[in-house]
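# Reading the structure
Read off the chains here:
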Amino acid sequence: MTDKKVALVTGAGRGIGRAVALELARRGCAVAVNYSRSEGPAMEAAEQIAAMGGEAFAVKANVADGAEVKEMFKAVTEKLGAVNILVCNAGITKDNLLMRMKESEWDEVIETDLSSLFYCAKEAVRPMLKGRWGRIIAISSVNALRGGAGQCNYAAAKAGMIGFVKSLAREIAAKGITVNAIAPGFIETDMTAVLSEELKAKFIESIPAGRAGSPQDVADLAAFLASDQASYLQGQVIAVDGGITM
Ligand code: NAP
């Protein structure tokens, strides 16, 4: 990166978000590490970045709440400066068969995984337009592209992210801002750790690469998309999935 950039990574205390935050810091960004419940891990990630000689700030906000997102951007801007790189990573699953899915399970996933992108992008875009440079990266899922049984809410939210990304990219592509999505396949984190060993083995068997992905596999792509070198990549959905969707 040519000059120092400020990155905000949502849900960066653990899993994929943490790997993205660390990788962006390694590449010279000042990083806001957002968390909602994982305060300890988020502080630890920020300390890890500081120990590498970087600049980081752990910031609490529920990304499903527009008012909290607004406050978070205010705090990050005061502490580190205007956000140049936004990585919307925070997400949850509340899997259930459609007939059993409660409205609350639907709403919570849509709010956390999709509305959060609207809240965060809305705050990020104005200063990006002013600076005529910006990177917005949404972490979607291959299950938005091919569906996952028992995941109507999750697949709908993640597919919504992809539509949002393309639409926003078209809106602001000429302003030096890129908007892209990453669609991870099966990545080893707390989210997938809850699956039974049997189910995990079945998933892994279906991956052409013959292994699960790591958070770092996603972080490397996110860092590239955030770089100056990715300035002509616009409105794309890139799967990091060991070949599941090919
Ligand atoms: P994870 O280990 O379960 O971590 C989820 C992260 O989201 C945590 O840092 C959590 O922070 C944060 N989060 C959840 N609700 C939040 C809220 N309301 N406000 C702020 N932060 C919130 O998940 P992961 O596997 O790293 O997944 C990261 C992203 O990749 C998610 O969007 C997920 O859907 C997507 N993805 C993952 C996989 C996979 O195989 N792992 C595959 C496809 C897509 P707190 O603990 O602080 O709440």
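Above this text sits the structure in question.
So, a few notes on the structure that sits alongside this text.

Rules behind the numbers
Residues numbered from 1 in each chain as written. Predicted model: local features only at pLDDT ≥ 70, side-chain atom pairs only at ≥ 80, totals over all residues. Heavy atoms only, no water. Helix = DSSP H or I, 4+ residues; strand = E, 2+ residues; numbered from the N terminus. Expected span 1.5 Å × (residues − 1). Buried < 20%, exposed > 50% of the residue type's maximum accessible area, 1.4 Å probe, protein only. Arc of directions from axis to C-beta. Contact = heavy atoms within 4.5 Å. Polar contact = N/O pair within 3.5 Å; in protein donor to acceptor, adjacent residues only side chain to side chain. Salt bridge = Lys/Arg side-chain N within 4 Å of Asp/Glu carboxyl O.

### Digging into helix 3 (residues 66-79)
- Here helix 3 contains 14 residues, and its C-alpha end-to-end distance of 20 Å stays within 8% of the 20 Å for a straight helix at 1.5 Å per residue.
- All of the buried residues in helix 3 are Val69, Met72, Phe73 and Val76. What you see down the axis of helix 3 is that its buried residues fit within an arc of 100 degrees, all on one side. In helix 3, those exposed residues whose orientation departs by more than 90 degrees from the buried face are Ala67 and Glu78.
- Against strand 1 (6-9), strand 2 (30-35), strand 3 (56-60), strand 4 (85-88) and helix 4 (103-131) lie the buried residues of helix 3.

### Thoughts on helix 1 (residues 15-26)
- Here helix 1 is twelve residues long and its end C-alpha atoms lie 17 Å apart, about the 16 Å a rise of 1.5 Å per residue gives.
- Within helix 1, ten of the twelve residues are buried, which leaves the element mostly enclosed by the surrounding structure.
- Taken as a whole, helix 1 has its buried residues at Ile16, Gly17, Arg18, Ala19, Val20, Ala21, Leu22, Glu23, Leu24 and Ala25.
- The first or second residue beyond helix 1 is Gly28, which carries a positive phi of 100 degrees.

### As for the side chain of Asp113
- Position of Asp113 among the secondary structure elements: in helix 4.
- Among the polar contacts listed, one links the side chain of Asp113 to the backbone nitrogen of Ile92, at a separation of 2.9 Å.
- With near-sequence residues (within four places) excluded, Asp113 lies in contact with Ala90, Gly91, Ile92, Tyr154, Ala157, Lys158 and Met161.

### Notes on the pattern of salt bridges
- Applying the stated criterion across every chain yields a total of twelve salt bridges.
- The partner of Glu71 in a salt bridge is Lys74, and the shortest N-O contact between them spans 3.5 Å. Of this pair, Glu71 and Lys74 both sit in helix 3, three residues apart, roughly one helical turn.
- Classification of Lys74 as partly exposed rests on a relative accessible area of 48%.
- Between Glu197 and Lys200 there is a salt bridge; the shortest N-O distance is 3.3 Å.

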